[in-house]
Amino acid sequence: MPESSEVVETKPKSRFWRRTLWSIGALVGVGIVFSVVFLQYSVHRAFPQTSGTIEVAGINDSVEVIRDSWGVPHIYASTTTDLLFAQGYVHAQDRFFQMDFWRHISYGELASLFGEDQLDTDMFLRDMGWGRLAEAQYAAETPENRELLDAYAAGVNAYLDTQSPSDLSFEYSVLELLNHNYTPAPWTGAQSLAWGKVMAWDLGGNASAEIERAMDLGSLSPDRVDQLFPPYPGDRNPYIVTGAVSDSTAERAVLDVPDGATDALTSAATAVAALNEITLGGQKPGIGSNSWAVSGEHTPTGKPYLMNDPHLGAQMPSIWYQVGLHCRSVSESCPFDVAGFSFAGVPGVIIGHNANIAWGFTNTGPDVQDLYIEKINPSNPNQYEVNGEWVDMDVRTETILVAGGDPVSKEVRTTRHGPIISDSYEPLEDFDQAGVDTPQPYAIALRWTALDDSPSLVQPVFALNTAATFEEFQAAAALFEVPAQNMLYADTTGNIGYQMPGMVPIRANGDGTVPVPGWTDEFAWTGFIPRDELPSSYNPDSGWIVTANNAVIDDTYPYLITESFDHGYRARRIVDLVASNLGIDAAGHRTIQFDSYDLNAEFILPYLENALVVVPGFTPTQQDTDAINELFSWDLQNFSGSTGAAIWNATWRNLLDLTFRGDLPEDWMPEGNARWFEVMRGLLERPDDPFWDDPTTTAVEDRDTILVLSFYAAVDELLDTISGNVADWTWGDVHTITFTNQSLGESGINVIEDRFNRGPYPASGSEGVVNAVGWTATKGYEVDWLPSMRMVIDLSDLAASTAIHSTGQSGHIDHPHYDDMIAPWLAGETNAMLWNRSDIQADAEATMILTPR
């Protein structure tokens, strides 16, 4: 995934929502609107009816919705359109505000919901044009898929038609104080497709990493920058599949940032960072996912297991919504019999299983974004240079509606490479001097596969939901062009498999790691990796397949996928655990999902232990000695109750800071993910490397000195932040998670935040471990991304499968299912993933019948 301190450091969302909601806070302070009586009434009026019979227009036959004890709906219908109608209906019942918020992101319409403070974000979103692309995808869909999208939208709207905004969700009661005239618009089929573009951004971007490398090259030599972006350690960590037979021909471009282009790059970084803050967190540095499949050769049942835990940003409610979709009689005309995880707003099941196969996703992280530095005509900001000639940009005007204000016009400019993204937040000063003899102005354009024509998200989803064989799974994967995912497979007949899909560009020159000149064809895309040459695996000799964002294939593969794979520490640990525990049952694999063993600490601690002995001039206090004893007796598991884990992670954070402070710009300091594990590993083998020396002191520091200073700084930090007694320290004291409402949870107004957010909770896990509950070293130890769900599918008995996501099914605050999954999720537990109708009925909490009106 892309790694950039700029993404971490920029916090537009907090400022953004805080400004928007201060006007609400003033009213809240009066104490009238948010009285206890009003709160109880406003909150509970939004709870949906989940039992009894409800007449609706738009279905042909009755539909049964059985919600189990966790609030998971299991839907039974006679036709596919009725089935997806009901899915839209229950999504709207439980999560409509989340759906509404997400579609405003997708279409760049946040200002119409929250007011003028959202304009900057909307402007960048309009540059991306996701809503326009979704509308075009919907128009290009097959009649059959449009019918299904329309059926889903009709179900959403059938619920909306019976509810006022405040009846839909408590958020609308709060929003009414700011935006009196807002009424949610009807849902459309195209809006379901637009969310696929947001997911593509979250899971398919490396623009931030390109900018980071470019900025580093501004102050460091290329050799020193290469140290900060080490290659994948294929000699130590695993590949997903074996290689091909020829050599990659990709060569790194040599970046020479023109005078004037640095401002454009900085502006582009600001825009990218702001968008990352309001989407799902998938572009946070180091973020990834785990999945692995084990054949029946290595299970006690004789049939495969498939495990998956996608890592995304922490939020409230959860990103996922669990659901079962069942045709009463499975046939060609009604082929759905599937259970798993969906996105509210999108029909079908994204990850899960049907009666024949199971599948999971992790992010491949292919390099499908390139930044082009465009030369702009000083006399005409809407022209740019192509091979020595000025060419007109494609320019369109967008109108952005603003709650409580006048509409605002936005000019969107697009070159042959894609939209100009560098002036969405901070317009280049050069453009204000058009017509004046000034230095050459530049802009940054984004080339990205998701902005090309490609199949919509629902095409591969519908195909996966109904696939029965590996060949049908591969056919579905072929439609998954954006975002490209590692797609894992297992079936009830005993097979396991893997397919990497996606549109991955072939470049005339360069490797996509730095912004490149756009005024020539030297760095143009010349095509895409042929679909039938994308890596795949079927029933490998090992009997297992592990994907954890590690390198897909080695350097003998003839095409470049990316230079930015995760460095494989999670994959290494999973392979080690699977290979050394062959034959374990599903419970054993659930234990692996919660494993928090720290391979980074395993490598570094011997160096630290030696440094504490050999470096003179330090006299440890009793507290220092206690900390040393705790750290070096630690079992290397980052569990929330561990004292050793607290000391180690504080040492790691201070080690990064002391090593690179003064060498790197403040905004580009290390985030602490697996890339930096590999960076530090290289430095530890060079005790006198210039990075060890602190340029802010007169002394010349070496490796051992910095290691010792980092340890003592960590002890002082924990003494200040936790307590004076080392034995009282735990990792969970500082490594906490707060599940934060995306729209109203960072207002800075306690009464609002307390209603919507949950936490903080002590959390196990860490960066670069299997239980990847991530934190960012430049910010502190608070969790900012996590395993958004955990799933273990037993292909010998689908009813024995288990799953959980991070918060709860309901999006309604104070609802019993708003936060009931948090405690078991924190403990590494999963719930029964009900499949058989008899088990579902036995666990039923409520049964709702939709009948035709």
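Here the structure is shown first, and the text comes after it.
Positions within a chain are numbered from 1, following the residues in the order the chain's sequence is written. Reporting in this predicted model follows two pLDDT cut-offs: at least 70 for local features of residues, and 80 or more for side-chain atom pairs to be given and counted; totals over whole chains, interfaces and linings ignore these cut-offs and use all residues. By convention in this description, side-chain values take in all heavy atoms of the structure and omit both hydrogens and water.

By the criteria applied, helices consist of DSSP H or I runs no shorter than four residues and strands consist of E runs no shorter than two, each listed in order from the N terminus. For the protein, the count of helices and strands is 27 helices and 30 strands. Counting over 853 residues, the protein shows a buried share of 64%. Here the contacts in the protein between residues at least 6 apart in sequence split such that 75% fall between residues at least 24 apart. By element, 49% of the accessible surface of the protein is carried by carbon and sulfur atoms, the whole surface being about 28500 Å². Exposed residues in this analysis have more than 50% of their type's maximum accessible area, buried residues have under 20%, and partly exposed residues fall in between, with area computed by a 1.4 Å probe over protein chains only. Here a residue-residue contact requires only that any non-hydrogen atoms of the pair lie within 4.5 Å. The protein chains shown are the only cover counted for residues, whose accessible areas, like all others here, come from Shrake-Rupley with a 1.4 Å probe.

Turning our attention to the pairing of strand β12 (residues 389-392). Only strands that DSSP links by at least two bridges are regarded as paired with each other. Relative to β12, strand β11 (residues 380-386) is paired through four bridges, and the arrangement is antiparallel. Paired with Val386 across the bridge in β12 is Glu389. Hairpin connection between β11 and β12: a loop of two residues separates the two successive antiparallel strands, and Asn387 in this loop has a positive phi of roughly 50°.

Right, let's get into the packing of helix α8 (residues 143-160) against helix α11 (residues 189-203). At their nearest, the axes of α8 and α11 sit 7 Å apart, and the two run at 100° to each other. Between α8 and α11, the crossing angle belongs to the class labelled roughly perpendicular. Contacts between α8 and α11 involve Leu149, Tyr152 and Ala153 on the former and, on the latter, Gly189, Ser192 and Leu193. Among the residues forming the contact of α8 with α11, the class breakdown is four nonpolar, two polar and no charged. In this analysis an axis means a line fitted to C-alpha atoms, helices contributing only their contacting stretch, and an angle means the value between N-to-C directions, from 0 to 180 degrees. Any angle from 65 to 115 degrees is called roughly perpendicular, while one under 35 is roughly parallel, one over 145 is roughly antiparallel, and all others are oblique. Classification convention: Asp, Glu, Lys, Arg as charged; Ala, Val, Leu, Ile, Met, Phe, Trp, Tyr, Cys, Pro as nonpolar; all other residues, Gly among them, as polar.

With that out of the way, let us pick up the state of the cysteines. Criterion for a disulfide: a pair of cysteine sulfur atoms within 2.5 Å. Taken as a whole and judged by the stated rule, the model has one disulfide. The disulfide that involves Cys327 links it to Cys334, with 2.0 Å between the sulfurs. Of note, the bridge from Cys327 to Cys334 carries an S-S torsion of about -85° and is left-handed in sense. For Cys327, a relative accessible area of 5% translates into the label buried.

So, on to the sheet that holds strand β6 (residues 321-327). As summarised here, the arrangement of the eleven strands in space is β1-β30-β2-β3-β6-β7-β8-β9-β16-β17-β21, forming an open sheet in which the pairing is mixed. Edge positions in the sheet fall to β1 (52-56) and β21 (536-538), since each of these pairs with one other strand and no more. The sheet shows a mean angle of 15° between the axes of neighbouring strands, direction not considered. Pairing of β6 with strand β7 (residues 337-342) involves six bridges; the strand directions are antiparallel. Considered in β7, the bridge of Gly324 is made with Ala339. Most of the contacts of helix α15 (residues 458-466) go to strand β9 (residues 357-363), to which it runs at about 145°, and overall it touches β7, β8 (351-354), β9 and β16 (485-491).

Turning our eyes to something else, we now look at helix α12 (residues 207-217). With ten of eleven residues buried, α12 lies mostly within the body of the structure. Here α12 has its buried residues at Ala207, Ser208, Ala209, Glu210, Ile211, Glu212, Arg213, Ala214, Met215 and Asp216.

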